[in-house]
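Residues per chain, in single letters:
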Amino acid sequence: MKTIFRVVLCVLTVISVMSCKQDYIKVDINIKGLGSQSVHLIYQGDFGAVDDVLAAKDGKIETECVSSQLTLVTVMASRGMMLARFAAQNGDHIKIEGTIDKPKEIKVSGNEATEQWMAFRNSHSALYEKSPSAALDKEIEKWVKEHPKQLSSTLLLLFDHSDLASALVKEPLLNLIAPEARPEHLLSSVEWLSNYYSNKAVKKMTNLNLCGASGDFEQVALKGKPALLYFWSNDLENRNEIIAAIKRKLESAGSDQLMVADVLVDPDTMQWKAKCRDDSVTWKHYWVPGGVMDAAVRDLRIPSAPYFVATDSIGYIQYRGSSVTAAINSLP
């Protein structure tokens, strides 16, 4: 009789625990300095694609996502700054804490996969400062080989390895990971996210209405010659390398054969003109007051900075993405 009672008690306990499992992902955001800015929360859940715009109050937001399977969630500030990226499913309670001025130090917790991912990034912070780099790729590959049954291996490969664009590199590395650590829904949510902006973005642009260094709005023509637009923010650490690469391309192509312009997506413009003077470049500088969600550039679907858009001589977009090398290579 006691045995039957114990069995019944165990069953009731399991049912109780299962019933307590939330049918949503709870997300608490607390970012000092965020103030009342809007935040984008993007993911693929049980009801399809979600791109919510949420207003912070004193840097805090409490919201919910719904995904019964593990999915990838991205949180961005209005100017395109990546605040957080994590994998989660219903029942998880994700906490995002930090300071807006130190985005790389923002902490994300709430489940093992995300916490391991963040721990790897923290312990290899010096390599991430120089990413993309062969040294970081080797450390990620080493981790994957040593931890084939951990979801963090999949997350590191898909987001932090520099050569995953190549199928020849991607497939063998992913195949090292156990099937349970690379669930199909997670992989599809990552692929959906990578295609989300480009699929919804405009394919051709002939001009943009942007605020120039004089403070007046100007029509920027994107036709007549190939063009390269460079979207940046004040906290970029590799700006000098990007500027140098664009200068070399402009010198080889000739300023009369290529139009180049950079566009600041930060709300703070105090350092803008000083930085532009220090760059010693010949192209024009612009600013969008509303960041990447500004009406002037919204149709370009810029996910974050740095970002590059290259067009041909009649305005068709040849490249959009975060690689200056790929952008330059797409130009004649």
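Use the structure listed above.
As a starting point, this report considers the structure included with it. (Residues numbered from 1 in each chain as written. Predicted model: local features only at pLDDT ≥ 70, side-chain atom pairs only at ≥ 80, totals over all residues. Heavy atoms only, no water.)

**Description of the sheet that holds strand 1 (residues 25-32)**
Let me state the cut-off plainly: Any two strands with at least two DSSP bridges between them are considered paired. Put simply, DSSP marks the helices as runs of H or I at least four residues long and the strands as runs of E at least two long, and each gets a number from the N terminus on. For every element, the axis is a line fit to its C-alpha atoms; helices are fit only across the contacting stretch, and the angle between N-to-C directions ranges from 0 to 180 degrees.
Read across the sheet, 4 strands follow the order 4-1-7-8 without closing on themselves; strand pairing throughout is mixed. Each end of this open sheet is capped by a strand with a single partner; those strands are strand 4 (60-65) and strand 8 (107-109). Neighbour to neighbour, the strand axes of the sheet diverge by 15° on average, direction disregarded. Pairing geometry for strand 1 and strand 7 (residues 93-99), over 7 bridges, is parallel. What sits directly across from Asp-28, in strand 7, is Lys-95.

**Some thoughts on the pairing of strand 10 (residues 217-221)**
In terms of strand pairing, strand 9 (residues 207-212) meets strand 10 through 5 bridges, oriented antiparallel. Bridge assignment links Cys-211 to a residue of strand 10, and that residue is Phe-217. The hairpin formed by strand 9 and strand 10 contains 4 residues between the paired strands, and Gly-215 there has a positive phi angle of roughly 100°.

**Some thoughts on the nonpolar core**
This is how it is decided: Working definition of a nonpolar core: buried Ala, Val, Leu, Ile, Met, Phe, Trp, Tyr and Cys residues. They are joined through side-chain atoms within 4.5 Å. Here's how the labels work: a residue is buried when its accessible area is under 20% of the maximum for its type, exposed when over 50%, partly exposed in between, all with a 1.4 Å probe on protein chains only. We call two residues contacting when some pair of their heavy atoms lies within 4.5 Å.
Val-27, Val-75, Leu-83, Phe-86, Ile-94 and Ile-96 are the most contacted members of the largest nonpolar core, which totals 49 residues. With 5 residues, strand 6 (residues 82-88) is the single largest residue contributor to this core. Residues contacting Val-27, with those up to four places away along its chain left out, are Ile-61, Glu-62, Thr-63, Cys-65, Phe-86, Ile-94 and Ile-96. Membership of the second largest hydrophobic core comes to 25 residues, among which are Trp-232, Trp-287, Ala-310 and Tyr-319.

**Structural notes on the packing of helix 4 (residues 134-146) against helix 5 (residues 151-160)**
What counts here: Comment on the angle field: the value is read as roughly parallel under 35 degrees, roughly antiparallel over 145, roughly perpendicular from 65 to 115, and oblique elsewhere. Left-handed is the label given to a crossing in which the near helix is rotated counterclockwise from the far helix by less than a right angle, and right-handed is the label when the rotation is clockwise. Three classes are used: nonpolar for Ala, Val, Leu, Ile, Met, Phe, Trp, Tyr, Cys and Pro, charged for Asp, Glu, Lys and Arg, and polar for all others, with Gly counted as polar.
Look at helix 4 against helix 5: their axes get within 9 Å of each other, and the N-to-C directions meet at 155°. The orientation of helix 4 with respect to helix 5, classified from their angle, is roughly antiparallel. The two elements helix 4 and helix 5 meet at a crossing, and its hand is left-handed. Residues Leu-136, Asp-137, Ile-140, Trp-143 and Val-144 of helix 4 lie in contact with helix 5, whose contacting residues are Ser-152, Ser-153, Leu-156, Leu-157 and Asp-160. Residues that form the contact of helix 4 with helix 5 fall into these classes: 6 nonpolar, 2 polar and 2 charged.

**A closer look at the side chain of His-185**
Note on placement: His-185 falls in helix 7 (residues 184-200). Apart from residues lying up to four places away in sequence, His-185 is in contact with Gln-44, Ser-67, Gln-69, Leu-70 and Thr-71.

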